[in-house]
Amino acid sequence: MLTQALTERVELHHATRGLQRAADIARNNCHDAHHHLWDIRRILG
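To keep things clear, this report deals only with the structure shown in the data block. Note that the coordinates shown come from a computational prediction; the quantities given were computed from them, not determined experimentally. (Residues numbered from 1 in each chain as written. Predicted model: local features only at pLDDT ≥ 70, side-chain atom pairs only at ≥ 80, totals over all residues. Heavy atoms only, no water.)

Some words on the pattern of salt bridges
Okay, step 1: All told, the structure shown has 2 salt bridges when counted by the stated rule.
Okay, step 2: Its salt-bridge partner being E11, residue R21 comes within 3.6 Å of it at the nearest N-O pair. Here E11 lies in strand β1 (residues 11–14) and R21 lies in strand β2 (residues 18–21), a separation of 10 residues in the sequence.
Okay, step 3: Given a relative accessible area of 40%, E11 falls into the partly exposed group.
Okay, step 4: With a shortest N-O distance of 2.9 Å, R27 and D24 are connected by a salt bridge. Note that R27 and D24 are positioned in helix α2 (residues 22–44) at a spacing of 3 residues, about one turn of the helix. (Salt bridge = Lys/Arg side-chain N within 4 Å of Asp/Glu carboxyl O. Helix = DSSP H or I, 4+ residues; strand = E, 2+ residues; numbered from the N terminus. Buried < 20%, exposed > 50% of the residue type's maximum accessible area, 1.4 Å probe, protein only.)

Thoughts on the environment of H34
Okay, step 1: Relative to the elements of secondary structure, H34 occurs in helix α2.
Okay, step 2: Separated by 18 residues in the primary sequence, H34 and T16 have C-alpha atoms spaced 21 Å apart.

A look at the pairing of β2
Okay, step 1: For β1 and β2, the ladder comprises 4 bridges, and the chain directions are antiparallel. For L12, the partnering residue across the bridge sits in β2 and is Q20.
Okay, step 2: Between β1 and the antiparallel strand that follows it, β2, lie 3 residues. (Pairing = 2+ DSSP bridges.)

Notes on a nonpolar patch on the surface
Okay, step 1: A contiguous nonpolar surface patch, about 370 Å² in accessible area, is contributed by I40, I43 and L44.
Okay, step 2: On the secondary structure map, L44 appears in helix α2.
Okay, step 3: On the basis of relative accessible area, L44 is assigned to the exposed category, the value being 71%. (Patch = residues over 30% accessible without salt bridge, like charges linked within 9 Å, V, L, I, M, F, W, Y side chains within 5 Å. Areas by Shrake-Rupley, 256 points an atom, 1.4 Å probe, with all protein chains shown as cover.)

Structural measurements only, silent on function.
As structure tokens, then:
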């Protein structure tokens, strides 16, 4: 789906982040997941 969104140049308008392209959304999701995983490991550690 990401490849298709990139090909079709999908753009969303986020209320606080403004214009978000498919690559921006994927990057933000990866960044957020990394931090959530860090939080979980810290809590469990």
